[in-house]
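Given next are the chains, with one letter for each unit.
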Amino acid sequence: QVQLVESGGGLVQAGGSLRLSCAASGRTIANYLMGWFRQVPDGERDWIATVSWSGATSYYADSVEGRFTISRDNAKNTVYLQMNSLKPEDTAVYYCAAGRTNAKAMRNPDSIESWGQGTQVTVSS
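The following paragraphs examine the structure supplied in this document.

Reading the values: rules and limits
- Within every chain, residues take consecutive numbers counted from 1 along the sequence as written.
- Reporting of local features is limited, given that this is a predicted model, to residues whose pLDDT is at least 70; pairs of side-chain atoms are given and counted only at 80 or more, and all residues count toward the totals for whole chains, interfaces and linings.
- By convention in this description, side-chain values take in all heavy atoms of the structure and omit both hydrogens and water.
- In this text, helices come from DSSP runs of H or I with a minimum length of four residues, and strands from runs of E with a minimum of two, each type numbered from the N-terminal end.
- Contacts are residue-level and defined by heavy atoms, with any inter-residue pair within 4.5 Å sufficient.
- Salt bridges are counted wherever a side-chain nitrogen of Lys or Arg sits within 4 Å of a carboxyl oxygen of Asp or Glu.
- A 1.4 Å probe rolled over the protein chains alone gives each residue an accessible area, and that area as a share of the maximum for its type sets the label: buried under 20%, exposed over 50%, partly exposed in between.
- Only buried residues count toward a nonpolar core. Its members are Ala, Val, Leu, Ile, Met, Phe, Trp, Tyr and Cys residues joined through side-chain atoms within 4.5 Å.

Mapped onto the secondary structure, A103 falls in the loop between β9 (92-99) and β10 (114-115). A sequence separation of 45 residues divides A103 from S58, and the C-alpha atoms of the two residues are 8.8 Å apart. Ignoring sequence-local partners within four residues, the contact set of A103 consists of L33, T50 and Y59.

Laid out in structure tokens, this is it:
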């Protein structure tokens, strides 16, 4: 199983940007679809983005489309989430995820093989 560790979270003003990183170890992420989810207190873990094995194709939830960009560097075994034009409603714990199903299935948390520990993102108004 691949181990994942997120970093880059923090406090930012509305309209600002943050870049999250997810460093993997134990196995190469080249064999995994990679994604990001987020969760608010007492809320469900919601899918926000997936990137294909090669990085050529990415998928986004409507709530972040056009503002967030997911990318991967298989040589560095790292996945990124660039978040621009942040809004207070983006405040959540962000989780990196690895799976080996397909892009559609990756939207379901039950299909995820490995999770990171999460990193807090707080957007102030």
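From this point, the narrative continues.
Counted by the stated rule, this structure contains 3 salt bridges. D90 is the partner of R38 in a salt bridge, and the nearest nitrogen-oxygen pair spans 2.9 Å. Here the residue R38 occupies a position in strand β4 (residues 33-39), and D90 occupies one in the loop between β8 (78-83) and β9, the gap between them amounting to 52 residues. Per residue, the accessibility class of R38 equals that of D90, and both read buried. A salt bridge links E113 to R100, with the nearest nitrogen and oxygen atoms 2.9 Å apart. Of the two residues, E113 sits in the loop between β9 and β10 while R100 sits in the loop between β9 and β10, which places them 13 residues apart along the sequence.

This part takes up the nonpolar core. Counting residues in hydrophobic clusters, the biggest one holds 28 residues, and the most contacted among them are M34, W36, L81, M83 and Y94. Put simply, the parts of the chain that give this core at least two residues each are β3 (18-25), β4, β5 (45-51), β7 (68-73), β8, β9 and β11 (119-124). Ranked by size, the runner-up nonpolar core spans 7 residues in total, among them W47, A61, A97 and I112.

Functional significance is not addressed by these values, which are geometric in nature.
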